[in-house]
Amino acid sequence: MAPVLTDTMNSLNGGLLISIVVIFLMLAANFQSFKVSAVILTSVPAVILGALSMLMLTGSTLNLQSYMGLIMSIGVSIANALLLISNAEDIRKQTGDALSAAKEAAALRIRPIIMTSLAMTAGMLPMAIGFGEGGDQTSPLGRAVIGGIIASTFAVLVVLPQIYAYIQNKASIQSISLDPEDAESKYFDNEIK
């Protein structure tokens, strides 16, 4: 059984890395910026640290179940970070100030991010407690999710806006678009003026 478990964990490691690279490339295509994509992914280390800390505090091990919980919490964290950064990027393109855009986006998105985090944490609490038959086997999944979500919420609302403001401080407010319709609309706007 040990070689099968080792092979499964190695496959999960490879799958996690491939999924992060694919998410990075999709975000880069969406925002047309590798820097913004990298900023969004800066919440991933906080999730990993939070999940591993919760596992250590509760005496759980890093196994297949807890690894699946880690992957789930990374997905929620990236969704929360994407919500905040897409709003901040829209505000920055209007105002030109990355720091005020990051603060305003964090203030505007604090409620949805906290609601998402609380709902996920409350949903995983019965599993993390481990009541019932077979509860000990599935409890690491819930514990990893709860630890990752708690750390992620702090990172997305406090650390991520600061990283975004630092990285996007000198960025241009003009969009480099590969969409021909966008270029045509800019051309016609200039013709009208």
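Residues numbered from 1 in each chain as written. Predicted model: local features only at pLDDT ≥ 70, side-chain atom pairs only at ≥ 80, totals over all residues. Heavy atoms only, no water.

Help me understand the side chain of N87, please; the structure alone is not making it clear to me.
Locating N87 in the fold gives a position in helix α4 (residues 64-95). Beyond its immediate stretch of four places on either side in the chain, N87 contacts A105, L108 and R109. (Helix = DSSP H or I, 4+ residues; strand = E, 2+ residues; numbered from the N terminus. Contact = heavy atoms within 4.5 Å.)

Would you take a moment to explain the pattern of salt bridges for this structure?
Any two side chains of opposite charge can pair, given that their charged atoms come close. For the structure on display, the rule yields one salt bridge. Residue R92 is joined to E89 by a salt bridge in which the shortest nitrogen-to-oxygen separation is 2.8 Å. Taken as a pair, R92 and E89 lie in helix α4 at a separation of three residues, close to a single helical turn. A relative accessible area of 2% places R92 in the buried class. On the accessibility criterion, E89 (6% relative accessible area) is buried. (Salt bridge = Lys/Arg side-chain N within 4 Å of Asp/Glu carboxyl O. Buried < 20%, exposed > 50% of the residue type's maximum accessible area, 1.4 Å probe, protein only.)

Help me understand the environment of A46 in this model?
Residue placement: A46 occurs in helix α3 (residues 44-58). Taking the C-alpha atoms as reference points, A46 and S152, separated by 106 residues in sequence, lie 5.8 Å from one another. In contact with A46, other than residues within four places in its own chain, are A151 and A155.

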